[in-house]
Amino acid sequence: MATVIDGKASAARLREKIAAYTAELKAKHGLVPGLATVLVGKDPASEVYVKNKRKTAEAIGFKSVHVELPADVAQAELVAQVKALSTDPTVHGILVQLPLPKGLDENAVLDALDPAKDVDALTPYNAGLLMSGRAHLVSCTPAGVMLLLKEYVGDIAGKDALVIGRSLLFGKPAAQLLLAANCTVTMAHSRSKDLPAIARRADILVAAIGKPEFVKADWIKPGATVIDVGINRVEAGEGKYKLVGDIDYDAAKEVAGAITPVPGGVGAMTIICLMHNTLIAACAQNKLPLPSSL
Ligand code: NAP
């Protein structure tokens, strides 16, 4: 029976450290880290994500700035708003909630974002730094996964790691981080052949696919660490819904050595890693050090 990786508890510990250092920055340097969120349109899931990010930022002691724009906003207006936030000295991190409504060019928006404030690490500059072994701001969900691996597995050098999914937001940066931690990394995607056989070799199996319970227990090497990034809303009967991951959790936990639940695993780490990135960005922009515990 696998150890259940408690993302909620890890996130709570990191949150405490961030809040404590935020209070210290304010008291000693008069610096209040500022996080700006930009929401375009009225997608209900995006509204919930942004609301939670703003609430967490405020609870931690950050300044929270919010820009809301209609779905039919002109591309130039959106770019102008992002540029204005990029030059606002009280804003240290900017998060543009993706996906944008149809007709808006995400790349043009990312190009308008100051990479020093790119707390989602989606700009080519931050992706390039990660690739070059000089990572500064790292995409939040993969950063959260690495913290969980550090806490629950420790040294992962030499392990066979498989990342299923190759998105810019998760799969690609996760593979780079695992490589930087000296894993032997395989990336799989929808065109990969015989995924179960590839999966059975993995000491660390990371799934970010977006398909409910897609990875089966007999794909998992006994004792492997299984990280489930997927968040899928499925019917639970009587008109109710529940969240499940990309791993067939109940069966997988009988085979794996350690496994993240959904919810309460990786997802719990993502928002707090966004706050961590905002703190890193605020300190870097003000030439202040971060404590080694952060
Ligand atoms: P995405 O952009 O939706 O891409 C999905 C990836 O899965 C693609 O690379 C795709 O391959 C691959 N894929 C699809 N079907 C496959 C199959 N049958 N076999 C193997 N690979 C397959 O991915 P994402 O944005 O990274 O999101 C993935 C999941 O993670 C979603 O459920 C999302 O909600 C969740 N997520 C959670 C968090 C969190 O905070 N916990 C954060 C981000 C994402 P191709 O490239 O070949 O199409």
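That block above? That's the structure.
Residues numbered from 1 in each chain as written. Predicted model: local features only at pLDDT ≥ 70, side-chain atom pairs only at ≥ 80, totals over all residues. Heavy atoms only, no water.

**Details of the overall build of the protein**
Rules: Helix and strand definitions here come from DSSP, where helices need a minimum of 4 consecutive H or I residues and strands a minimum of 2 consecutive E residues; each element is numbered from the N-terminal end. Restricting the calculation to C-alpha atoms gives the radius of gyration, and the globule rule supplies 2.2 Å times the number of residues raised to the power 0.38. All accessible areas in this document rest on Shrake-Rupley with a 1.4 Å probe, and a residue is counted as covered only by the protein chains that are shown. Neither His nor the chain ends is counted toward charge; the positive residues are Lys and Arg and the negative residues Asp and Glu. Taken as the charge location is NZ of Lys, CZ of Arg, CG of Asp or CD of Glu.
Summing up its helical and strand segments, the protein has 10 helices and 11 strands in all. Whereas a compact globule of 294 residues would reach a radius of gyration of roughly 19 Å, the protein reaches 19 Å, a difference of no more than 12%. Along the three orthogonal principal directions, the C-alpha set of the protein runs to about 50 × 45 × 40 Å. By element, 54% of the accessible surface of the protein is carried by carbon and sulfur atoms, the whole surface being about 14,000 Å². Averaging the coordinates of the 32 positive side-chain charges in the protein and doing the same for the 30 negative ones gives two points 2 Å apart.

**Notes on the packing of aromatic side chains**
Aromatic ring pairs: the centre-centre distance and the angle between the two ring planes describe each pair. To keep things clear, this is the line we draw: When the centres of two rings from Phe, Tyr and Trp lie within 6.5 Å, Trp using its six-membered ring, the rings pair. Their planes under 30 degrees apart give stacked, over 60 give edge-to-face, and anything left gives tilted. Either the NZ atom of lysine or the CZ atom of arginine qualifies as a charge over a ring when it sits within 6 Å of the ring centre and within 35 degrees of the ring normal.
The full count for this structure, using the stated rule, is one aromatic pair. One cation-aromatic arrangement involves R233 over Y241; the distance from NZ or CZ to the ring centre is 4.1 Å.

**Digging into the site of the ligand**
Put simply, the test is: One heavy atom within 4 Å of a molecule or strand makes the whole residue count as near it. In the analysis that follows, any N or O atom pair within 3.5 Å is treated as a polar contact, provided that within protein one partner can donate a hydrogen and the other can accept it, and provided that, for residues neighboring in sequence, both atoms belong to side chains. Each residue gets one of three labels, nonpolar for Ala, Val, Leu, Ile, Met, Phe, Trp, Tyr, Cys and Pro, charged for Asp, Glu, Lys and Arg, and polar for the others, Gly among them.
Close to the ligand lie 21 residues, the nearest being R166, S167, S190, K211 and T270. With respect to the ligand, the side chain of R166 contributes an N or O atom lying 2.7 Å from an oxygen atom. Here the residues of the shell around the ligand sort into nine nonpolar, 10 polar and two charged.

**Here we look at the nonpolar core**
Heads up, the rule is: Nonpolar cores are built from buried Ala, Val, Leu, Ile, Met, Phe, Trp, Tyr and Cys residues. Side-chain atoms within 4.5 Å join them into one set. Type-normalised accessible area, obtained with a 1.4 Å probe on protein chains alone, sets the label of each residue: buried when under 20%, exposed when over 50%, and partly exposed for intermediate values. Contacts are assigned to residue pairs with any non-hydrogen atoms lying within 4.5 Å of each other.
Grouped together as the largest cluster of nonpolar side chains are 50 residues, with contacts concentrated most on I18, L149, L178, V206, I227 and M275. The greatest single-element share of this core, amounting to 11 residues, is contributed by helix α10 (residues 266-285). With residues up to four places along the chain from it excluded, the contact list for I227 reads I5, V145, L149, L205, V206, A207, T260 and V266. In terms of nonpolar packing, the next biggest core, distinct from the first, is built from 21 residues, V40, V73, L85 and L122 among them.

**Thoughts on the pattern of salt bridges**
Here is the rule: Throughout this description, the term salt bridge denotes a Lys or Arg side-chain nitrogen within 4 Å of a carboxyl oxygen of Asp or Glu.
Under the defined criterion, the tally for this structure stands at six salt bridges. The residue K28 makes a salt bridge to E24 at a minimum N-O spacing of 3.1 Å. Of this pair, K28 and E24 both sit in helix α1 (residues 7-29), four residues apart, which is roughly one turn of that helix. Classification of E24 as partly exposed rests on a relative accessible area of 35%. Residue K253 is joined to D250 by a salt bridge in which the shortest nitrogen-to-oxygen separation is 3.8 Å. For K253, a relative accessible area of 16% puts it in the buried group. Bridged by salt links that share partners, the residues K42, E47 and E68 form one connected network.

**Side note on the environment of G93**
Relative to the helices and strands, G93 is located in strand β4 (residues 93-96). Overall, the relative accessible area of 0% leaves G93 in the buried class. On a C-alpha basis, the gap between G93 and E106 in space is 18 Å, while along the polypeptide they are 13 residues apart.

**Quick look at the pairing of strand β9 (residues 232-237)**
Residues in a regular strand point their side chains to alternate faces of the sheet. What counts, and what does not: Two strands make a pair as long as DSSP finds a minimum of two bridges between them.
Bridge count for β9 against strand β10 (residues 240-244) is five bridges, and the pairing is antiparallel. Pairing of R233 across the sheet is with L243, part of β10. Linking two consecutive strands that pair antiparallel, namely β9 and β10, is a turn of two residues; a positive phi of about 50 degrees is found at E238 within it.

**Things to note about the packing of helix α6 (residues 140-152) against helix α7 (residues 171-180)**
This is how it is decided: The convention used is that axes are lines fitted to C-alpha atoms, helices contributing only their stretch in contact, and that angles between N-to-C directions extend from 0 to 180 degrees. Crossing handedness follows the turn of the near helix against the far one: under a right angle anticlockwise gives a left-handed crossing, and clockwise gives a right-handed one.
One can describe the packing of α6 onto α7 by two numbers: an axis separation of 9 Å at closest approach and a directional angle of 35 degrees. Considering only the axes of α6 and α7, their crossing is right-handed. Across from P142, A143, M146 and L149 in α6, the residues of α7 making contact are P173, A174, L177 and L178.

**What about the sheet that holds strand β8 (residues 225-228)?**
If you walk across this open sheet you meet the six strands as β1-β11-β8-β7-β5-β6, and the pairing is parallel. The open sheet terminates on both sides in strands that have one partner only, identified here as β1 (3-4) and β6 (184-188). The pairing of strand β5 (residues 160-164) with strand β7 (residues 204-207) spans four bridges and is classified as parallel. The partner of A161 across the bridge, within β7, is I204. Along the sheet, α7 contacts β5, β6 and β7; its crossing angle with β6, the most-contacted strand, is approximately 165 degrees.

**So, the sheet that holds β4**
Strand pairing in a sheet relies on backbone hydrogen bonds, with the paired strands running either antiparallel or parallel. Pairing is parallel across the open sheet formed by three strands, whose spatial order is β3-β2-β4. For this open sheet the edge positions go to β3 (63-69) and β4, each flanked by a neighbour on one side alone. If you compare each strand with its neighbour and ignore which way they point, the axes differ by 15 degrees on average. Relative to β3, strand β2 (residues 34-40) runs parallel, the two sharing seven bridges. By the bridge assignment for β3, V40 is matched with L69. Where helix α3 (residues 75-87) meets the sheet, it contacts β2, β3 and β4, and its direction lies at approximately 170 degrees from that of β3. Strands in contact with α10 are β2 and β4; relative to β2, the strand with the most contacts, it is inclined by about 125 degrees.

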